[in-house]
Amino acid sequence: MAPSSNRRPGSSRRAQYSTFLGYVIAFLGVAVGVAVLLISMGNAGAFSGLRSSASDVVAPAAEAAAVSRSEGQGLFSALKGYFTYGVRVARNEQELAEARVKLAEANALRDENRRLKALLDLQDVDPKPVAVARLIGSTSSSTRRFALLGAGRSRGIAVGMPVRSPLGLVGRVLETGDRTARVLLITDTESVVPVRRASDGVPAFATGRGDGTLQLRLINLGTNPLKVGDAFVTSGSGGLYWPGTAIAVVTRLTRDGAIARALSDPGITEFVQVQPLWEEGTAAQQMAVPAPAGAK
Amino acid sequence: MPVPIPEQLKDLTRPRINRAPSPLLALSLPWILVMLGSLSPTSPIIASAPVMPPLGFLFLLGWLHLRPGLLPVWAGLPLGLIDDLFSGQPMGSGMLLWSLATIGMDYVETRFPWRGFMQNWLVASTVIAGYLLVAAWFAGVHRQPDLLLAMLPQIGLSILAYPIAVQIVGLVDRLRLIPVREV
């Protein structure tokens, strides 16, 4: 392409100065960028107000787009369904037969569970969600994994609250705007969730790997007791996350733990629940353990 | 690259008696397109890995290549700031990298004034790959080296998406000069 002529300002002093000033501002931009980057890398919470208000501005449009996402996915899965119909029917029938057996077993377990719980005088810990809202966007081009939630301070959401979908834990609220909130997904590299194996309570930490999987690090070192297919739930230790929320299934073993696939894919969940903070010893005790009858 | 334009649109962009392009439209559309590209994190896609090309950045490169000098050299600072607000990167990463990219493109423009589309694409590919990798480093990828592997599809996709971004920029460039103002 022919070079543009507006590069040569000619003999006009004014044009020359404005070109020069343009370069000065451009290099100042680099300097400002470095300074702001250093500040925000040192303190992740810096500029959060700016970000939240920017998300608040675009929230209505993003909310509308999120509605179209769930509809569009419905359309695609309906189309896909026609091609895989036979295979799925066969598989479903087999699974149904297996599930009937499991259901009978589960009924028995539930009865036993109820008896044991009555024995222990415990109640089910099931928090009432603070809000139910849509995930209206995610940082799909950055290596950090944040999602934007379509509800904010105005609906009682506060920093730190866990976010879950019917399938499992999604993440926790990191910054709140008036009508939006930024959610740190469990797959982000900065996210650490205390977990335990669902079957026997082997404790571990689940760190995000940024690509949709989690790294499970065992707390007790020694021989690795994990197996592919082990399910993990949150343990609730350290507060923040409610215990017993499903989080991941082991897909590959490593030397000091395992790689696990996160159970809740935020891309296919339409609505998520924001739960109140779990605080060991305070809220949990009030809800879980009724005050002893004699104590007044 | 010729952009196929529908007949009606062709008629729309033709110069007409006592009509002139609106300077507001002509000067603001490049900025608006790049900002819309930066808003792509609020698009319906919720991804569990970095997959989407950085659309705002692609549009910026497109404008710098297609209409050198239309966006000033300092455009990287404000546009990068807008991108930072939505991209999830640490604040300042876009301001720094977009400023550097604009200055670098300006240098390429002065140094090699006669270029074809393939050269532009080559330059853009290098810049995009560099941008994504450095941005990932700012976001802390060195703590999770496996993630670099997961970024390869995104880099490939972004390089392939560049010609499409340039086509969109070309289309908006036509719209930019529609004679709407009465003289």
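Within each chain, residues carry numbers counting from 1 in the order of the written sequence. Each chain takes a letter, starting from A, and each ligand takes a number, starting from 1, following the order in which they are written. With the structure being a predicted model, the display of local features is reserved for residues of pLDDT at least 70 and the display and counting of side-chain atom pairs for 80 or more, all residues being used for whole-chain, interface and lining totals. Computation of side-chain values: all heavy atoms of the structure, hydrogens and water removed.

**A closer look at the nonpolar core**
Short version of the rule: Buried Ala, Val, Leu, Ile, Met, Phe, Trp, Tyr and Cys residues form a nonpolar core when they are joined through side-chain atoms within 4.5 Å. Exposure classes here rest on a 1.4 Å probe applied to the protein chains alone. A residue is buried below 20% of its type maximum, exposed above 50%, and partly exposed in between. Each helix is a run of H or I in the DSSP string that is no shorter than four residues. Each strand is a run of E no shorter than two, and both are numbered from the N terminus. In this analysis, two residues are considered to be in contact whenever any of their non-hydrogen atoms come within 4.5 Å of each other.
Judged by nonpolar contacts, the single largest core of 43 residues is most densely connected at B:Phe57, B:Leu60, B:Trp98 and B:Ile128. Where this core is concerned, the elements lending two or more residues are helix 1 (13-42) of chain A together with helix 2 (23-38), helix 3 (55-66), helix 5 (93-111), helix 6 (117-138) and helix 7 (146-176) of chain B. A per-element tally of this core places helix 7 of chain B first, with 10 residues. Once residues lying within four places of it in the same chain are set aside, the contact partners of B:Trp98 are B:Val34, B:Ser38, B:Gly56, B:Phe57, B:Leu60, B:Gly76, B:Leu79, B:Gly80, B:Asp83 and B:Tyr131. Ranked by size, the runner-up nonpolar core spans 19 residues in total, among them A:Leu169, A:Ile186, A:Leu214 and A:Leu226.

**Observations concerning empty space enclosed by the protein**
Test applied: Grid points spaced at 1 Å over the protein atoms alone were grouped into cavities, where a 1.4 Å probe fits but cannot get out, and pockets, open sets with protein on both sides within 12 Å along at least five of seven lines, with lining residues defined by an atom within 4 Å of a point. Grid points are joined across faces, edges and corners, and a volume is the space filled by probe spheres set on the points. Residues are grouped as follows: Ala, Val, Leu, Ile, Met, Phe, Trp, Tyr, Cys and Pro are nonpolar; Asp, Glu, Lys and Arg are charged; every other residue, Gly included, is polar.
Inspection of every chain in the model, using the stated rule, returns three cavities of 30 Å³ or more. Taken as a whole, the largest cavity spans an internal volume of roughly 150 Å³. Of all the elements in the fold, those that place two or more residues in the lining of the largest cavity are helix 2, helix 3, helix 4 (76-87), helix 6 and helix 7 of chain B. In terms of residue class, the lining of the largest cavity is built from eight nonpolar, 10 polar and one charged. Every residue along the wall of the second largest cavity is listed here: A:Ser55, A:Gly137, A:Ser138, A:Thr139, A:Phe146, A:Ala147, A:Leu148, A:Arg182, B:Pro41, B:Thr42, B:Leu85 and B:Phe86. Within the residue set of the lining of the second largest cavity, elements represented by two or more residues are strand 1 (131-138) and strand 2 (146-149) of chain A together with helix 4 of chain B. Residue contributions to the lining of the second largest cavity peak at three residues, all from strand 2 of chain A. Taken together, the residues of the lining of the second largest cavity break down into six nonpolar, five polar and one charged.

**Re the confidence of the model for chain A**
This is how it is decided: Values of pLDDT, the confidence the predictor places in each residue, fall between 0 and 100.
Counting all residues, the mean pLDDT for chain A is 80, and 85% of those residues have values of 70 or more. Segment residues 284-296 of chain A: pLDDT under 50, and 12 contacts once partners within four positions in sequence are set aside and those in other chains are kept.

**Looking at the layout of surface pockets**
If a probe the size of a water molecule is rolled over the atoms, the empty space left behind becomes visible. In this structure, the second largest pocket encloses a volume near 380 Å³. Lining the second largest pocket are 22 residues, with A:Ser40, A:Ala44, A:Arg144, A:Glu190 and B:Pro90 positioned closest to its centre. Among the secondary structure elements, those contributing two or more residues to the lining of the second largest pocket are helix 1, strand 4 (168-176) and strand 5 (181-185) of chain A. Ranked by residue count, the leading element in the lining of the second largest pocket is strand 4 of chain A, at three residues.

**A look at the sheet that holds strand 8 (residues 213-218) of chain A**
Across a sheet, paired strands are connected by hydrogen bonds in the backbone, their directions being either parallel or antiparallel. All names here are of chain A. Heads up, the rule is: Between any two strands, pairing holds if DSSP finds at least two bridges. An axis is simply a line fitted to the C-alpha atoms; with a helix, the fit covers only the stretch in contact. Between two such axes, the angle follows the N-to-C directions and lies from 0 to 180 degrees.
A barrel is described by the order of its strands in space; here six strands give the closed sequence 6-7-8-11-10-9, paired in antiparallel fashion. With strand direction ignored, the average angle separating the axes of adjacent strands in the sheet is 40 degrees. Judged from the five bridges that link them, strand 6 (residues 192-197) and strand 7 (residues 203-208) form a sheet pairing that is antiparallel. For Arg-196, the partnering residue across the bridge sits in strand 7 and is Pro-203.

**Notes on the pairing of strand 11 (residues 257-262) of chain A**
All names here are of chain A. Strand 11 sits mainly inside the fold: five of its six residues count as buried. With five bridges connecting them, strand 8 and strand 11 associate as antiparallel partners. Opposite Thr-213, over in strand 11, you have Arg-261 as the bridge partner. Bridge count for strand 10 (residues 246-254) against strand 11 is six bridges, and the pairing is antiparallel. Each residue of the ladder has a partner; that of Val-250, found in strand 11, is Ala-260. Hairpin connection of strand 10 to strand 11: two residues between the antiparallel strands.

**Describing a nonpolar patch on the surface**
Rules: Here, patches come from residues exposed beyond 30% relative accessible area and free of salt bridges, joined within 9 Å for like charges and within 5 Å for nonpolar side chains (Val, Leu, Ile, Met, Phe, Trp, Tyr). Using a 1.4 Å probe, accessible areas were evaluated by the Shrake-Rupley method; residue-level cover was limited to the displayed protein chains. Just to be clear on terms, a salt bridge is a Lys or Arg side-chain nitrogen sitting within 4 Å of an Asp or Glu carboxyl oxygen.
On the surface, A:Phe20, A:Leu21, A:Val24, A:Ile25, A:Leu28 and B:Trp74 cluster together into a nonpolar patch covering about 540 Å² of accessible area. When you line up the elements, A:Ile25 lands in helix 1.

**Points about the interface of chain A and chain B**
Cut-off, in case you're wondering: Defined in terms of a 1.4 Å probe, buried area is the accessible area two parts forfeit on being brought together, summed over both. Any N or O atom pair separated by 3.5 Å or less is treated as a polar contact, with the protein-specific requirement of one donor-capable and one acceptor-capable atom, and with residues adjacent in sequence counted only for side-chain atom pairs.
The interface is formed by 54 residues belonging to chain A together with 53 residues belonging to chain B. Summed over both sides, the interface of chain A with chain B buries roughly 4,600 Å², with 64% coming from carbon and sulfur. At the junction of chain A and chain B, the tally comes to zero salt bridges. For the interface between chain A and chain B, the tally reads five residue pairs in polar contact (both at pLDDT 80 or more). Among the elements that take part in the side of chain A that touches chain B, helix 1 of chain A stands out by supplying 14 residues, more than any other.

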